[in-house]
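Geometric and topological summary
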Amino acid sequence: MTRIFFNEVVTRDGFQIEPGFVPTDDKVALVDALSDCGFAKIEVTSFTSPKAIPMLRDAEEVMGRIRRVPGVEYTVLVPNVRGAERALESRADELNIVMSTSETHNLANLRMPRERSFAGLRDVIALAAGRVPVNVSLSTCFGCPMEGDVPRDEVLRWADRFAALGVRGLTICDTTGMAHPAQVQAMVQALRDRFAGLQLTLHFHNTRGMGLANVLAAVQGGIDRFDGSLGGLGGCPYAPGASGNISSEDAIHMLEAMGHDTGIDLPRLLAVARSLPALLGHDVPGQVAKAGRITDLHPAPEGVAELRRSLA
């Protein structure tokens, strides 16, 4: 079976819409715990304006205090050149830049038209050249809650423009959980035909309950990199009706049960996932941390042994 690589995004994408500030000490401890689980990348934070996302106002301190494990890339989201400068000073291993393929969503989320976003992100790519790799996350690739369908050709057009600038990877995002497996299969085929030389990552949300089905469709189409968020936390604050990302532990559990190698220490990851509700003060959507793995068996109810003897 194929080796599948997972990127954990809980401390950035997962935390960004939490109502209460997660203390810096807790963020650092969580990243350190995740670093021991086998993730390919951890998206630690975002170097955006503290006014825009108060939750991530401690980006420099978190990046300065985390324990860096060899083999794990510590990536950060940057919105502009100033954010990229801060990220480089904080020794980020990768810069993740983002814009939407939907004009309306880009205006709502980034407060500017797509062409202006592209121009600013082109400057970020130039700044990073020869220093750290850049990944581009394209939002609303499977639909926009305000515009509806986003044509696949439009997604590929923007992907082409960024690929021409020399980025290392593309993350194709189902920002609002509008994707379905047949749509994913068609998108994956087009991406692999066109961008075979790039790291291709899929980013799904479980807003309408199709997150894991979409992961499976992407794997069957040849994709081997995925974003996930511990506990299924997250959601875009500028996408009406959007809810959490796919749960990392649920997706990893599914793929490992099917025989795929994810490189993840699942028991260790589940132990970390079970600490989230106490950290946040509320329940989280992830299921496997609650129910246990399918291989976690339970003792038979009292009286079953006696019943068996009586039937022998």
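The rules we used
- Residues numbered from 1 in each chain as written.
- Predicted model: local features only at pLDDT ≥ 70, side-chain atom pairs only at ≥ 80, totals over all residues.
- Heavy atoms only, no water.
- UniProt positions renumbered as here; feature names shortened; annotations may be inferred.
- 1 Å grid on protein atoms, 1.4 Å probe; cavity = no way out; pocket = protein on both sides within 12 Å on 5 of 7 lines; lining within 4 Å.
- Points joined across faces, edges and corners; volume = space filled by probe spheres on them.
- Helix = DSSP H or I, 4+ residues; strand = E, 2+ residues; numbered from the N terminus.
- Nonpolar A, V, L, I, M, F, W, Y, C, P; charged D, E, K, R; others polar.
- Phe/Tyr/Trp six-rings, centres within 6.5 Å; stacked < 30°, edge-to-face > 60°.
- Buried < 20%, exposed > 50% of the residue type's maximum accessible area, 1.4 Å probe, protein only.
- Expected span 1.5 Å × (residues − 1).
- Arc of directions from axis to C-beta.
- Contact = heavy atoms within 4.5 Å.

- Looking at an unreviewed UniProt entry, one finds the chain named Hydroxymethylglutaryl-CoA lyase, with Ramlibacter pinisoli as its source organism.
- A UniProt comment under Sequence similarities (unreviewed entry) is attached to the chain, and it reads "Belongs to the HMG-CoA lyase family."

Here we look at the layout of surface pockets
- One number sums up the size of the largest pocket: a volume of about 920 Å³.
- Lining the largest pocket we find 45 residues, and of these Arg12, Leu77, Val98, Asn109 and Leu110 sit closest to its centre.
- Every element with two or more residues in the lining of the largest pocket is listed here: helix H1 (10-14), strand E2 (41-46), strand E3 (73-77), strand E4 (94-100), helix H5 (103-110), helix H6 (114-128), strand E5 (134-139) and strand E6 (169-173).
- Ranked by the residues each element gives to the lining of the largest pocket, the list is headed by H6, at 4 residues.
- Of the residues belonging to the lining of the largest pocket, the class tally is 17 nonpolar, 20 polar and 8 charged.
- A volume near 180 Å³ is recorded for the second largest pocket.
- Around the second largest pocket, the lining residues are Arg192, Ala196, Leu198, Gln199, Leu200, Gly222, Ile223, Asp224 and Arg225.

Observations concerning empty space enclosed by the protein
- Counted according to the given criterion, the structure contains 1 cavity of 30 Å³ or more.
- Quantified by volume, the largest cavity comes out at close to 30 Å³.
- Along the walls of the largest cavity sit Thr11, Lys27, Val44, Thr45, Leu56, Asp58 and Val62, which together make up its complete lining.
- Class assignment of the residues belonging to the lining of the largest cavity gives a composition of 3 nonpolar, 2 polar and 2 charged.

Concerning the packing of aromatic side chains
- Tallying each qualifying case throughout the model produces 4 aromatic pairs.
- Centroid distance Phe118 to Phe162: 5.0 Å. Interplanar angle 65°. Geometry classified as edge-to-face. Taken as a pair, Phe118 in helix H6 and Phe162 in helix H7 (residues 152-163) lie far apart in primary sequence, 44 residues in all. Just as Phe118 is buried, Phe162 falls in that class too.
- Plain terms: the ring middles of Phe142 and Phe204 are 6.0 Å apart, the flat faces sit at 40° to each other, and that makes the pair tilted.

A few points about the environment of Arg67
- Counting through the fold element by element, Arg67 comes out in the loop between helix H3 (59-65) and E3.
- Judged by relative accessible area, which is 37%, Arg67 ranks as partly exposed.

Describing helix H8 (residues 181-194)
- With 14 residues, H8 extends 20 Å between its outermost C-alpha atoms, agreeing within 8% with the 20 Å of an ideal straight helix rising 1.5 Å per residue.
- Those residues of H8 that sit buried are Gln183, Val184, Met187, Val188, Ala190 and Leu191. Angular distribution of buried residues about the axis of H8 spans 165°; they occupy a single face of the element.
- Lining the buried residues of H8 we find H7, E6, strand E7 (199-203) and helix H9 (211-220).

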